[in-house]
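Tertiary structure, described
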Protein chains: 2
Amino acid sequence: MTPRRQSRRAPVTSPAAATVFTTVLTQGPVSRVDVARRTGLSSAAVTKAARPLIEAGYLAELDSEQGGVGRPASPLEIRAEREFFLGIKITDRELVGVVTDLRAQVLLTRFHPLSSCKLDAVVDGVAAMVTELLAESKSYKQRTHCLGVTIAGDVDRESGHVRYSPFLHWRDVPLADLLAEKVDLEITVDNDVKAITVAERWFGNGIGADSFALVTLGTGIGCGLVVNGRVVTGSHGVAGEIGHIPVFGDGPLCHCGATGCVEAIASTDAIVDQARTTTGERDLTIDEVITGARMGDEALRRVFARAGVAIGRGLAAMANLVGPERIIVSGEGLDAYDLFAAEIRETFGTQAFGAAAHCELILRPLPFEEWARGAAAIAVQTLFLSATTPGAVWGQPSPTRR
Amino acid sequence: MTPRRQSRRAPVTSPAAATVFTTVLTQGPVSRVDVARRTGLSSAAVTKAARPLIEAGYLAELDSEQGGVGRPASPLEIRAEREFFLGIKITDRELVGVVTDLRAQVLLTRFHPLSSCKLDAVVDGVAAMVTELLAESKSYKQRTHCLGVTIAGDVDRESGHVRYSPFLHWRDVPLADLLAEKVDLEITVDNDVKAITVAERWFGNGIGADSFALVTLGTGIGCGLVVNGRVVTGSHGVAGEIGHIPVFGDGPLCHCGATGCVEAIASTDAIVDQARTTTGERDLTIDEVITGARMGDEALRRVFARAGVAIGRGLAAMANLVGPERIIVSGEGLDAYDLFAAEIRETFGTQAFGAAAHCELILRPLPFEEWARGAAAIAVQTLFLSATTPGAVWGQPSPTRR
């Protein structure tokens with residue numbers, strides 16, 4: 001075990017500093033006066049909170065016509081390259097790693113195949129990827145202090161434990177502790193969908209939305225949900241399970257034990273299963289199913305259409321129940337977008353109740369590096385978290401919180 | 001139009017005063033020290049905020065062993081009869097009115113049949129009921145300043161407009177303004193389910209829950225939903241429409257235009273329709289359907305069982321998506337509780353995803369006066385609302401907000 005690197009944390013030591021920092025981060029350049037107006041802090045408090053951040057090089061002042069440097073009217077902006085962040089997403093087949101700046105802009109991406117899902121192999125793989133990413137640039141090595149790691153499944157961010165990973169077949173793995181033995185960075189581990197929801201909320205389509213949902217289609221069907229400005233985590237640890245809304249009645253049995261779940265019809269595996277059953281070809285892959293459908297095979301097209309109906313019903317259930325401002329649908333399952341987008345939109349339109357149909361539906365691809373960017377975003381979050389209350393972990397760093 | 005009564009509002013003039021008042025209201029008796037600890041206010045701020053409330057007779061000090069009267073350790077409690085509140089629920093058949101104290105405890109209940117759903121008749125009926133309720137006691141007349149009125153449908157609380165009432169066939173009715181011409185009280189109008197959710201949150205099963213749902217079964221199937229300590233109102237004005245989650249696939253057509261909605265299978269009307277179709281008896285009433293099922297008619301029992309399955313699926317969808325701590329199922333539809341409770345619980349257990357099954361399911365009747373009590377609860381709310389931000393309308397007056 002290497003000695004741990006001296007932490008050189010940004011001087012975010014009070015809730016006011018966290019508020020000022022996140023406001024400039026997500027909305028800058030912005031003047032101190034505007035920061036005060038948007039956050040409800042006094043101008044004096046903003047100036048006081050900004051000073052150490054400027055001195056440490058995290059914030060900079062733009063010149064302003066209304067006043068000289070240091071005057072309240074000088075807009076503040078983030079010095080995005082003051083610190084770098086690593087994000088690594090673990091799947092059952094590969095690791096995807098990125099280096100980002102403070103705004104979670106991706107500067108570098110690496111893909112490493114995983115030879116095994118065994119815990120030791122994955123931990124070693126993550127450590128090797130960290131070494132490789134940091135070796136790319138002297139500044140990365142000097143100015144990187146935080147690593148975010150994400151994985152599908154049930155993850156306890158606080159303890160860094162992976163409670164259950166369905167794809168890697170892990171149970172109760174103290175991943176953050178194991179990584180800390182090999183990696184000399186501050187480590188945050190979280191669920192992958194929650195992490196990209198954070199990235200969307202802070203740096204993407206979720207900016208300014210008091211409530212939105214990010215639905216990911218693929219091997220699983222997941223959802224990050226923000227309501228009243230905060231991510232919904234579920235009183236019993238379960239939330240956002242749009243894949244397990246029963247929309248097909250007594251329909252197919254789901255791997256979760258229930259019937260008619262969205263995931264039992266529209267996950268990648270379910271689509272492949274139905275295509276194999278329909279065609280009698282037992283070795284069809286998802287790529288072949290997509291190609292066949294695109295070439296006009298009616299039976300395969302119907303499999304995708306049915307998946308689109310299931311997804312549309314799931315989205316309508318969410319809109320009718322929690323009324324998000326917008327829903328972003330993404331994930332690798334969206335590669336087949338052209339094969340079910342019409343059914344998703346049509347079903348949503350029919351099943352959305354009244355004004356819930358006004359919910360904006362954004363269907364857009366999610367390149368695999370976006371998942372790793374989500375991991376980096378939770379690493380960026382660690383800068384302010386110690387300065388705020390636990391509930392703020394999933395909070396909205398913007399004055400749109402009502 | 002009678003001259004408007006001089007407003008004698010409780011001296012809740014700052015957010016701190018509102019916080020202190022609501023903390024004592026929902027958790028009292030409680031010492032100033034505990035109020036400070038639970039709310040994050042300083043002891044000095046608590047003492048300062050409490051003083052005018054004590055002087056105006058809204059709060060009282062209990063004697064305490066640790067100190068004399070006025071000492072910080074003396075527990076504060078609400079003087080519940082310092083002010084009375086009227087609540088009136090409007091249905092298409094009758095008005096239900098109550099007088100409550102500050103804790104929304106019902107002191108008096110009255111039922112008035114409505115001869116017509118016409119607007120004039122209803123406004124006159126509400127005004128007559130107000131007069132009758134206040135005439136019951138001199139103290140009611142002297143110490144009542146606020147009236148809450150609730151109705152099913154789409155209501156804009158801010159403006160007091162009923163945008164749409166399906167049962168009374170109203171559209172865009174400025175109900176608060178019309179009532180203000182006849183009733184000399186501060187008037188709040190809101191949706192009936194939202195109002196009983198407020199009552200549950202402040203004074204009932206919702207106390208201490210950071211998230212819970214109250215589902216009402218009956219002519220409609222509605223739901224008030226609290227997530228992260230706040231009622232979910234929906235970005236586009238629609239939320240909690242558990243009755244319109246599509247759980248039966250291509251199942252029956254719903255009055256909303258969609259298919260397979262919970263309400264298309266489990267509302268009172270849907271149950272009666274299915275019973276009539278099944279038996280061929282075109283004049284069956286809901287009471288006859290219930291009686292028949294209780295006497296063992298298998299076809300009628302299956303109608304209720306199917307409704308139970310639809311409700312159980314809707315509840316599971318909610319638990320999987322937002323993960324409330326508990327779900328309270330209630331409403332006049334629960335009169336037939338014995339005929340579908342088993343199916344509700346069994347279906348919920350099967351369809352809830354993982355730990356979502358730990359969500360507590362409380363099935364309990366909702367006497368009609370409870371609806372009027374909800375109306376009174378939103379009248380109680382008006383005491384603090386002017387002192388807090390608009391977003392706080394649906395907020396949680398307790399330190400459990402994280």
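None of these values were measured; they are calculated from a predicted model.

**Focus: the relation of the copies chain B and chain A**
At an RMSD of 0.1 Å, chain B and chain A line up after a rotation of 180° and a shift of 0.1 Å along the axis. Accordingly, the operation relating the two chain copies is best matched by a two-fold axis. Among all residues of chain B, the minimum C-alpha distance to the rotation axis is found for B:V247, at 2.2 Å. Comparing interface residues between copies, 100% of those in chain B also lie at the interface in chain A; the contact surface is shared.

**A short note on the interface of chain B and chain A**
For an interface, size is often stated in terms of accessible area lost upon the parts coming together. Tallying the contact residues gives 46 residues for chain B and 46 residues for chain A. When chain B packs against chain A, the two sides together hide about 3,900 Å² of surface, and 57% of this comes from carbon and sulfur. In this assembly, chain B and chain A are joined by two salt bridges. Across the pair B:R313 and A:D250 runs a salt bridge, and its minimum N-O distance is 2.7 Å. Where chain B touches chain A, the interface holds 20 residue pairs in polar contact (both at pLDDT 80 or more).

**Side note on the domain arrangement of chain A**
Residues and elements named next belong to chain A. Looking at chain A, the domain boundaries give domain 1 (15-78), domain 2 (83-199 + 369-394) and domain 3 (207-366). Between the C-alpha centres of domain 2 and domain 3 the distance comes to 26 Å. Contact with domain 2, which involves nine residues of that partner, is made by 16 residues of domain 3. The interface formed by domain 2 and domain 3 includes zero residue pairs in polar contact (both at pLDDT 80 or more). Breaking the side of domain 2 that touches domain 3 down by element, the ones donating at least two residues are α7 (192-203) and α13 (368-385). Take the side of domain 2 that touches domain 3: its biggest share by element is four residues, from α7.

**Looking at the sheet that holds strand β4 (residues 84-90) of chain A**
Each strand in a sheet pairs with its neighbour through backbone hydrogen bonds, running either in the same direction (parallel) or in the opposite one (antiparallel). Residues and elements named next belong to chain A. Overall, mixed pairing links the five strands, which are arranged β6-β5-β4-β7-β11 in an open sheet. Here the strands that pair on one side only, and so sit at the sheet edges, are β6 (106-113) and β11 (186-191). Taken pair by pair, the neighbouring strands of this sheet meet at an average axis angle of 20°, ignoring direction. As defined by bridge partners, β4 adjoins strand β5 (residues 94-100) across six bridges and the pair is classed as antiparallel. Bridging across to β5, I90 finds its partner in L95.

Quick notes on the rules
Residues numbered from 1 in each chain as written. Chains lettered and ligands numbered in written order. Predicted model: local features only at pLDDT ≥ 70, side-chain atom pairs only at ≥ 80, totals over all residues. Heavy atoms only, no water. Least-squares fit on C-alpha atoms with pLDDT ≥ 70 in both. Contact = heavy atoms within 4.5 Å. Buried area = accessible area lost by both parts, 1.4 Å probe. Salt bridge = Lys/Arg side-chain N within 4 Å of Asp/Glu carboxyl O. Polar contact = N/O pair within 3.5 Å; in protein donor to acceptor, adjacent residues only side chain to side chain. Domains from an automatic or database assignment. Helix = DSSP H or I, 4+ residues; strand = E, 2+ residues; numbered from the N terminus. Pairing = 2+ DSSP bridges. Axes fitted to C-alpha atoms, helices over the stretch in contact; angles between N-to-C directions.

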